[in-house]
Each structure stands twice: as C-alpha cells, then as structure tokens.
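# A structural walkthrough
Below, each chain spelled out in residue letters.
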Amino acid sequence: MGQIQILNEIIANQIAAGEVVERPASIVKELIENALDAGATQIDLHIIEGGIAKLVITDNGCGMAPDDAVLCFSRYATSKLRSMSDFATLNSFGFRGEALASIASVSRMSLTTRQADTVLATKVVVEGGRILEVTEAGAPVGTRIEVESLFYNTPARLKFLKSPRSEASAIETIMRQAALSKPAVGFRLQIDATTKLDVRQAPSEARQFERAIYCLGEDTRGYLYPIDLKTDFLRLSGYVAAPLATRKDSLGLYVYVNGRFVKDKQLVQAIRVAYRTILEIGRHPIGAINIEVDPEVVDVNVHPQKLEVRFSEPSRVQSHLIRLLSDFLSTTPWLNSYRDLTPSPSPESGEGRSWALSPSPLGGEGFRVRLPSPDFGEPKSPSPTSGRGYYVQHGLGGAERYTDLRVVGQIDSTYLLLEGARSMIVLDQHAAHERVVFERVCAQTKQNGVSSQALLFPVSITLSPGDMQTLIEKKDVFLPYGFEIEPFGDHQAIVKTTPAGLKSEYAETIIKDTLSDLRNADRPDALQEFSDHICAQIACHTSIRAGQRLDNSEILALLEQLDVIDYAAHCPHGRPVVRAIPFTEIAQWFHRT
Ligand code: ADP
Ligand code: MG
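Conventions used here
- Residues numbered from 1 in each chain as written.
- Chains lettered and ligands numbered in written order.
- Predicted model: local features only at pLDDT ≥ 70, side-chain atom pairs only at ≥ 80, totals over all residues.
- Heavy atoms only, no water.
- Near = heavy atom within 4 Å.
- Polar contact = N/O pair within 3.5 Å; in protein donor to acceptor, adjacent residues only side chain to side chain.
- Areas by Shrake-Rupley, 256 points an atom, 1.4 Å probe, with all protein chains shown as cover.
- Nonpolar A, V, L, I, M, F, W, Y, C, P; charged D, E, K, R; others polar.
- Pairing = 2+ DSSP bridges.
- Helix = DSSP H or I, 4+ residues; strand = E, 2+ residues; numbered from the N terminus.
- Axes fitted to C-alpha atoms, helices over the stretch in contact; angles between N-to-C directions.
- Contact = heavy atoms within 4.5 Å.

Once that is clear, we can look at the site of ligand 1. Taken together, 18 residues lie around ligand 1, and Asn34, Thr78, Ser79, Lys80 and Gly97 are the ones closest in. Thr78 is positioned with one of its side-chain polar atoms (N or O) 2.5 Å from an oxygen atom of ligand 1. Considering ligand 1 on its own, with 530 Å² of exposed area, one finds that the protein chains cover 93% of that surface. Partitioning the shell around ligand 1 into residue classes produces 7 nonpolar, 7 polar and 4 charged.

As structure tokens, then:
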C-alpha cells in the first residue's frame, strides 16, 4: 500500500498557522484587518501577558450571520474573494480565508458576533480547531474574539515566543501601523491593566495630524509635514519628518502600499535615495508614507502575512516615488527655518489646536534632532596622558611622529597644517581626535569602564514603549560606557551619569540609538557592532570639534596624543584623518622640476 495520506484539516491548519500565526502580534494583525474589512469604526484590544495568555478584540463592524460565524473557522472560508480576477479590484485586507482557521487551530478561542438586523448574537467556542459549542448570546452589533492559551497544543512554537513585554511591544507596533493608516477608525489598546494607546476617530486634518505625531512619537512634533503629491502613475500621501529629526534605525518609517503596511526594502531604499543629500550618514528618515497605485500593477498575494507586495514595474514605482519625494524635500519650508532654530517649550497637545506647519517653534526636548550649525562647546584641552601609539605605522622607513613635525598653524579653524621632512601635512583636528578618543574609550570599556560624571541635574528622556522595554531588560549594558540610567514611570528614564566630558544634551541621542542597536542585537556580531557604535558616539561628542579654534598648547597636546603618523587612519565614521602633499608635488605646481 502507498505511504501517502492527505492530512486532516486540523493538522493542515496547524501547519498553515506556522506561517500566518507566528506570534501574538501576527494574530493581532490578522484580527485588526478582519475588523477593518468588516467596516469597524472602533477597534478595542485587550491583551494579557503579551497576548500569550489572552487576547480580546472587539469591533463594531458588520458582524456575521450565524452560519458564517461557524463557517469562518474552516480553511479557505472567505467572503472577500470569489475568483482570481477579483484580485485586480480587491479592496479588503484579507482574501485567503486562512487566518481564523489557523488561529483557532493553535488556541482556545471564542467568537461572538451579531449583525445589525438580528437581536441575538451567535457565540462559537473552538478549541484546537474543533468547534465545541454554538449558542445564542446577547451582544452589541459587531464581533468580539477571545484567543486564549496560544500554542497550548504546539509546545515547540510556544518556546519561540519572546517575553510578554516583547510580545506586547510588537502588538503595540501593529496597532500604530493600523492607527497611522486608518484615521477614520478609533483604536484602543489595553496591555494588562494599563491603557497603552487610545486614539479616537480622526475626521479632520488637524486630528489626523495629531494622530500621526502620537504614533510617530511626540518628539516629531514641529518636524512633521503632511505630503500629498501625485504623478499619472502613483500618488504619495502621508507625513514625513524634516531631515533634522531622524533615527538610527528604520523603525520610524512606516510604508504602505494602497493602505496596506509593507516591509519593502526597495521602497525604503527609494525613500532613502530621495533623502540622501540632506540626511546625515547612517541616519534614517521618519514618516508614514502611503503609495497608491492601480491595484492591477501590484500583487498582494506574495507573502503569508501579506507584509510584502510585488509590483509589475518596480523600477517605475521607485523612480516616481523618488521624484515626488525629492521634489517635496527640496522645496519644503524647513530649509529656510534652519537659521532660526530656537528651542522653546513644545506647544500644547490636544484637539482643536491650530496647526502651524512651520517647524518652529521647536519642541525643546527633541534631543535627537540634529542642529545644522553645531554647537562647538567649550574648547577642551586634550589630556596629554595617553600618548600610546594608536596609529599603526604604514609604509617603509622610520616611523614619523606627529611631535617631530613643525606646526605651521591652524587653518579654517578645522585643520592643522604641519611640515614634515618631505611633505606638507594637513590634519583634520576633529577626525584625528575622534579616532584617539574612540580607541581610548573602547579600551576603557574593556578594563574598568569609561570614566563617568554624575549629573548635577539628571536628564530625563522620553522613550517609546519598545525602547523602554529594552532599557528595562538591558540597562546594565550601559554601565561600562559611563551611563547610569533608571527607568522612571512608563515612558521616561532618568540619566544619572554620563561619560566624562560628554555634554548632557547628547545623552539622549546616544541612549536612543544604542537602545535600537540593542533591540536588533540578536546576530552574533551585533554586540561588537553595538559596542563600537556607542564608543564612536561618545568619541564624537567628547572630542575636539571642527570649527574650534585651538591655541598652540592645545595643538601640541593633540599631536602628542596622536603619536605615530598613520596615513591610512580614518575616524570612526570613515573620514580620513590626515593627508600629505609631497614637496615634489608642490614644486610641480610652480614648474620647479
Ligand atoms: P479572510 O480575511 O482572508 O477572508 P479570515 O480567516 O481572516 O479570512 O476570515 C474569514 C471570514 O470571516 C472573513 O472573510 C469574513 O467574512 C469573516 N470575518 C472574520 N472576522 C470578522 C469580523 N471581525 N467581522 C465580520 N466578519 C468577519
Ligand atoms: Mg482575514
């Protein structure tokens, strides 16, 4: 007899669930999409223990008839698609009819649903994919779904879940993704006993704008601009932040295609290209951008969780996107407002306030904001104690030391002009000092830790839920780097100490960048990268700056720290430190050879 058998439906559903239902957040994504497809204007979600123990979602959408309330648990049961040709005009999130069957197969679940024209609701109880009970119940119009004991029957999957906190923060991200793109719907998220997100319907532009700030982070206030532009092929709408407000990671950028949230590297890349010339290297833009195209040119059925799409003409989409966004970025008023950046208290939040779209007055707390004319700080005398040979000597011949050179002087308040035995040497004072401090800080972290200073006035910073959770789990990681940070309340942290010499205003950017590094730190090489990155940031903000006038003794002290000349040296950001022009070349300029 043959060996092949057809799997029974429950096992098939459990297997399918492996792709659709990865974690509580993916369940939430599916259930929110169902509620939106049902025309809900209010969606409430309550999760307990990160949704692993229990998750309850209620919507006021159209509900289901009694038959459908049972049928919806079968695989491929959908009201949204009848034939392949429907794909071309599909305007629902769902279409596969897999989500409810998959979720039900790996949990204990109940669904209570009522349509407007009936008095009673239908309640269906399902366990591990088996329907246990169908009864009538009293309930408002709409649908309420409870999912309990997730993965109780697939223990291997349970092991892959992260902490309830991580799962809760992933769920919050999903809620934000939905809230950003569906202003006509109110969303409420309760995590255990606390309300974490609560946005009412936002019918007016002002309310939508307020919601965008709420979802993208309070510190985008004053930097966010609505955008709505189109070509004959594509429309771009949503919100983008001025290039002054950026993030170290790409988590602040939400991209949608026809209202569907996507993780599309090529679209993100196109957005980065549009920002390229105005964004600091290594920083990412913030915004929520919806790309609308004819549904016929996009295939939404290419990813189990519908997180990716495929365009029939991807390069056309990219070029239109780049063109629209670059034009927008090159003409926005923020370019003019660079000059008068004066911090002032952030405007009152709340409904009904009028929206001044000019980026100033700025929220005074946006520390991660890059000011275009840097504050050079107090001139700092480099400590002469660290004359270790940080620079490996390259090339042949005896090592040439900086201290052997004659100092001609400082030019443009940024470069040191030096005379060597056979060449004129130009040194970038910031890049050079940054390199030395970087090496020193790295070495200190491996010994007793970076020396730190207690802040007379501890700095308080506001963190996103994800960052907050990372901080709670990993705050000790900061100690060797001179940062002592204590979580304070739900969204705040207090910075008690910073690395010696660091101006406290830089603490927030460094801490936030590091938190996002840490959050993505599951790769094996991530720890080293994170360490290098935080050391580089400390170095950058504690070293001599470009534009800082140095007197002779400061120049000599710097040269002493640099020790042996290494022409291949680069600063931690990859910029060269030193250049030499041989006298023979100078002679050629004047036809002396
Ligand atoms: P899909 O969304 O791909 O159709 P699902 O398994 O998510 O598949 O849902 C199956 C069907 O159940 C949907 O097509 C819809 O008719 C119905 N349904 C699910 N959730 C809701 C809801 N919240 N309100 C009304 N109907 C719903
Ligand atoms: Mg669905």
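Having seen the model, we can carry on.
The sheet built from 8 strands is open, its strands ordered β5-β4-β3-β6-β2-β1-β7-β8 with mixed pairing. On the outer flanks of this sheet lie β5 (130–137) and β8 (194–199), each paired with one strand and no other. In this sheet, adjacent strand axes meet at a mean angle of 10° when their direction is disregarded. Relative to strand β2 (residues 54–59), strand β1 (residues 42–48) runs antiparallel, the two being bridged by 6 bridges. Its bridge partner lying in β2, His46 is registered against Val56. Of the strands in this sheet, β1, β2, β6 (142–148) and β7 (186–191) touch helix α2 (residues 24–37), which is tilted by about 15° from β2. Packing against the sheet, helix α6 (residues 164–181) makes contact with β1, β7 and β8, and its axis sits at approximately 175° to β7.

A separate point is the sheet that holds strand β18 (residues 406–411). Across the sheet, 4 strands lie side by side as β18-β19-β20-β24; this open sheet has antiparallel pairing. Every interior strand has two partners, whereas the edge strands, β18 and β24 (578–582), have only one. Direction aside, the axes of adjacent strands within the sheet are offset by 20° on average. Where strand β19 (residues 415–419) and strand β20 (residues 423–428) come together, 5 bridges link them in antiparallel fashion. In the strand pairing of β20, Leu416 is matched with Leu427. Running at roughly 70° to β20, helix α11 (residues 429–446) makes contact with β18, β19 and β20 of the sheet. Packing of helix α15 (residues 552–562) onto the sheet brings it into contact with β18, β19 and β20, and relative to β18 it is tilted by some 115°.

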